Amino acid sequence: MKPTDGTTAESTLDQTEQRRWEMSLQEAEENFRIIADAAPVLIWRSGLDKLCYWFNKVWLDFTGRTMEQEMGNGWAEGVHPDDFQHCLEIYVREFDARKPFRMEYRIKRHDGEYRWILDSGVPIYDSKNNFIGYIGSCIDISDRKAAEDELKRSNADLQRFAEVTAHHLSEPARRIATYADRLTSQLGDQTLDTEAKMSLNFIGEQSRRLQNLLNDVERYLAANQPRGPVRSIDISSKLNDVKKIINPRLREVQAEYSFGSLPKVMLDEPRLNDVFGLAIDNALEHGSGKQNLVITIKGECFGNRVRYRINDNGQGIETQYHERVFRVFERLSASSTGSGIGLAIIRRIAESNGGKAWLENAPGGGCSLVVDLPSGEK
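Presented here is an overview of the structure given in this document. (Residues numbered from 1 in each chain as written. Predicted model: local features only at pLDDT ≥ 70, side-chain atom pairs only at ≥ 80, totals over all residues. Heavy atoms only, no water.)

Section: the side chain of arginine 271
Stage number 1. You can see arginine 271 is positioned in helix 8 (residues 269–287).
Stage number 2. A polar contact of 2.7 Å, which involves the side chain of arginine 271, links it to the side chain of aspartate 268.
Stage number 3. Not counting the four nearest positions on each side in its chain, arginine 271 is found in contact with Ala222, Ala223, Asn224, Gln225, Pro226, Arg227, Ile349, Ser352 and Asn353. (Helix = DSSP H or I, 4+ residues; strand = E, 2+ residues; numbered from the N terminus. Polar contact = N/O pair within 3.5 Å; in protein donor to acceptor, adjacent residues only side chain to side chain. Contact = heavy atoms within 4.5 Å.)

Written as C-alpha cells, this is what we have:
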C-alpha cells in the first residue's frame with residue numbers, strides 16, 4: 001500500500017526516524033536536567049554566543065534568583081566588582097580557544113554575602129563533534145580560602161618572629177666573641193693557666209659558631225624572595241670571584257676547584273652567591289677527609305631551565321641520607337662544623353624559582369649536588 005499524500009515510503013521512514021531522534025534527544029536533555037538539579041554543585045551551560053542559557057536548581061537556590069534573571073549575562077550581576085574583569089577575561093579567552101578553564105571569584109549568595117567559588121568550565125560537542133558551547137560546575141571554597149588566609153597570616157607572623165629573633169641574637173653573639181678575644185689578648189699567655197685559656201677559646205669559638213648559625217637562619221628565611229634585581233648573570237665570572245675567596249681553604253685541605261663554560265642563570269646576585277658559596281662549602285666539608293679532593297662545576301640547559309652540577313670526589317653520602325640532608329639543622333656527623341642549614345637554603349632558593357635541588361652519587365665516588373634554576377640564556 002502506497003502513501004496517498006504524495007510522500008514516498010522512504011521519506012516517511014526518514015521523518016519517523018527524525019521524530020524518534022528528537023524525542024530521544026529531548027528525553028536525554030530532561031534526564032540530564034534531573035541529574036544536574038540533584039547534583040551537589042552549581043552547574044551552568046552556555047551556547048555558541050557565549051551567553052548562559054541554563055542553570056541548575058542548586059545555582060538558583062544559591063543566588064536566590066530566577067532562571068530568567070540569570071540567563072544571558074544576568075548571572076554576572078552577582079559577581080564581585082573586583083573580580084568581574086578578571087573573570088570575564090578568562091572566560092572569553094578560553095571560550096575562543098575552546099579550552100577548559102578553572103577560575104576563582106566571588107559571587108553574591110542569596111543572603112547578600114559574597115562567597116568564593118571555584119568555577120570549572122569545559123567545551124562540549126555534539127555527536128558529530130560540532131562545538132555547541134560550554135558546561136561548568138562551581139563549588140563554594142570560602143571556608144578553604146579563609147583557612148588559607150589564616151595560615152598565610154600565621155606563617156607571616158612566624159617568619160617575622162624568626163627574622164627578628166635571629167637579628168637580635170646576632171649582636172649579643174658578636175659581642176661575646178669580641179670580648180672573649182679582647183680578654184684573651186689583654187690578659188696574655190703569662191696570666192692565663194691552661195684551663196682558663198681553653199675556656200676563653202671555647203667561648204670565642206662557640207659564639208662565632210652561633211653567629212654563623214644565626215646568619216644562616218636569616219639567609220634561609222630570606223631564601224624565597226629576591227634580594228636584588230633579577231637578571232641574566234654570567235655564572236663563570238662569579239665563580240672566578242668565589243675561587244679567589246676560597247683559595248686559602250682549598251690550599252689548606254689540598255683541594256682542586258674547576259669549572260668550564262657554564263650557561264647563564266636568571267637570578268638575583270645575592271641568592272646566586274648563596275647557592276654556589278654554600279654548595280662549595282658543603283663539598284669541602286664532606287670531602288675534606290680525602291686527599292686531593294676535586295670539586296668540579298658543570299651546567300646544561302633544558303629549555304628555559306638550567307641545571308648545575310657541583311661534583312666532588314670526596315667520601316660521599318649514602319643514598320638513604322640524600323633527602324635527609326636537606327632538612328633544616330640536619331647533620332650526619334656530630335663533628336660537622338656547619339650549621340646544618342646550607343643545603344636547605346639552596347633547595348629553598350631553587351624551589352622559590354620553580355626548580356629543585358637534590359643529591360646524586362657522583363661517578364667514581366663522592367656526591368653531585370644538582371640545582372635546577374631559570375635559564376638566563378636568550
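Now, onward.
What about the sheet that holds strand 2 (residues 52–55)?
Stage number 1. The strand order 2-1-5-4-3 describes an open sheet built from five strands, whose pairing is antiparallel. Each edge of the sheet is formed by a strand with only one pairing partner; in this case those strands are strand 2 and strand 3 (101–108). Taken pair by pair, the neighbouring strands of this sheet meet at an average axis angle of 30°, ignoring direction.
Stage number 2. Of the pairings in the sheet, the one linking strand 1 (residues 42–46) to strand 2 comprises three bridges and is antiparallel in character. In the strand pairing of strand 2, tryptophan 44 is matched with phenylalanine 55.
Stage number 3. The strands that helix 4 (residues 81–97) touches are strand 1, strand 3, strand 4 (114–125) and strand 5 (131–140); relative to strand 3, the one it contacts most, it runs at about 150°. (Pairing = 2+ DSSP bridges. Axes fitted to C-alpha atoms, helices over the stretch in contact; angles between N-to-C directions.)

A closer look at the pattern of salt bridges
Once their charged atoms are close, side chains differing in charge can pair, the charge on each being opposite to the other.
Stage number 1. According to the stated counting rule, one finds 26 salt bridges in the structure shown.
Stage number 2. Across the salt bridge formed by glutamate 94 and arginine 93, the nearest N and O atoms sit 2.9 Å from each other.
Stage number 3. In this structure arginine 93 comes out as partly exposed when scored by relative accessible area, which is 48%.
Stage number 4. The salt bridge involving arginine 309 is made with glutamate 360; its shortest N-O contact spans 2.7 Å. A residue pair is termed long-range when its members are at least 10 positions apart, and arginine 309 in strand 10 (residues 305–312) and glutamate 360 in strand 11 (residues 357–361) qualify at 51 residues.
Stage number 5. Take arginine 309: its relative accessible area is 23%, and that puts it in the partly exposed class.
Stage number 6. Beyond isolated ion pairs, a larger network of salt bridges with shared partners links Arg109, Asp111, Glu113, Arg115, Asp140 and Asp143. (Salt bridge = Lys/Arg side-chain N within 4 Å of Asp/Glu carboxyl O. Buried < 20%, exposed > 50% of the residue type's maximum accessible area, 1.4 Å probe, protein only.)

Considerations on the nonpolar core
Stage number 1. Ranked by size, the top nonpolar core spans 47 residues in total, and within it Tyr257, Phe276, Ile346, Leu369 and Val371 carry the most contacts.
Stage number 2. Of the residues forming this core, the biggest block, eight residues, is contributed by helix 8.
Stage number 3. Apart from the residues within four sequence positions on either side, isoleucine 346 is in contact with Val275, Leu278, Ala279, Ala357, Leu369 and Val371.
Stage number 4. Of all hydrophobic cores here, the second largest spans 27 residues; its members include Ala76, Cys87, Tyr91 and Phe95. (Core = buried A, V, L, I, M, F, W, Y, C linked by side-chain atoms within 4.5 Å.)

A word on the packing of helix 6 (residues 194–221) against helix 9 (residues 342–352)
Stage number 1. Two elements in contact, helix 6 and helix 9, have axes whose closest approach is 9 Å; the angle formed by their N-to-C orientations is 15°. Viewed along their axes, helix 6 and helix 9 adopt a mutual orientation that is roughly parallel. Once helix 6 is placed against helix 9, the crossing between them reads as left-handed. Contacts between helix 6 and helix 9 pair Asp216, Arg219, Tyr220 and Leu221 from the former with Ala344, Ile345 and Arg348 from the latter.
Stage number 2. Class assignment of the residues belonging to the contact of helix 6 with helix 9 gives a composition of four nonpolar, no polar and three charged. (Parallel < 35°, antiparallel > 145°, perpendicular 65-115°, else oblique. Left-handed = near helix turned anticlockwise from the far one by under 90°. Nonpolar A, V, L, I, M, F, W, Y, C, P; charged D, E, K, R; others polar.)

As for the sheet that holds strand 7 (residues 255–259)
Stage number 1. If you trace the five strands from one edge of the open sheet to the other, you get 7-9-10-12-11, paired in mixed fashion. On the outer flanks of this sheet lie strand 7 and strand 11, each paired with one strand and no other. Between one strand axis and the next, the sheet turns by 20° as a mean value, whatever way the strands run.
Stage number 2. Relative to strand 9 (residues 293–302), strand 7 runs parallel, the two being bridged by five bridges. Directly across from serine 258, in strand 9, lies its bridge partner threonine 296.
Stage number 3. Those strands touched by helix 7 (residues 235–252) are strand 7, strand 9 and strand 10, and its axis lies near 175° from that of strand 7.

Re the pairing of strand 11
Stage number 1. Sheet analysis places strand 11 next to strand 12 (residues 367–374), joined by five bridges and oriented antiparallel. Looking at the pairing, asparagine 361 lines up with cysteine 367 of strand 12.
Stage number 2. Here strand 11 folds back onto strand 12 in antiparallel fashion, the turn holding five residues, of which glycine 364 has a positive phi close to 80°.

Considering the packing of aromatic side chains
Stage number 1. Going through the model one piece at a time under the given rule, you end up with twelve aromatic pairs.
Stage number 2. Aromatic rings pair up to connect Trp44, Tyr91, Phe95, Phe101, Tyr125, Phe131 and Tyr134 into one cluster.
Stage number 3. Stacked on the ring of tyrosine 179, the Lys or Arg arginine 182 has its end atom at 4.8 Å from the ring centre.
Stage number 4. Positioned over the ring face of phenylalanine 302 is arginine 307, at 4.7 Å from the centre of the ring. (Phe/Tyr/Trp six-rings, centres within 6.5 Å; stacked < 30°, edge-to-face > 60°. Lys NZ or Arg CZ within 6 Å of the ring centre and 35° of its normal.)

Examining a nonpolar patch on the surface
Stage number 1. A surface patch of nonpolar side chains, about 280 Å² in accessible area, is lined by Ile176, Phe202 and Ile203.
Stage number 2. Here phenylalanine 202 lies in helix 6. (Patch = residues over 30% accessible without salt bridge, like charges linked within 9 Å, V, L, I, M, F, W, Y side chains within 5 Å. Areas by Shrake-Rupley, 256 points an atom, 1.4 Å probe, with all protein chains shown as cover.)

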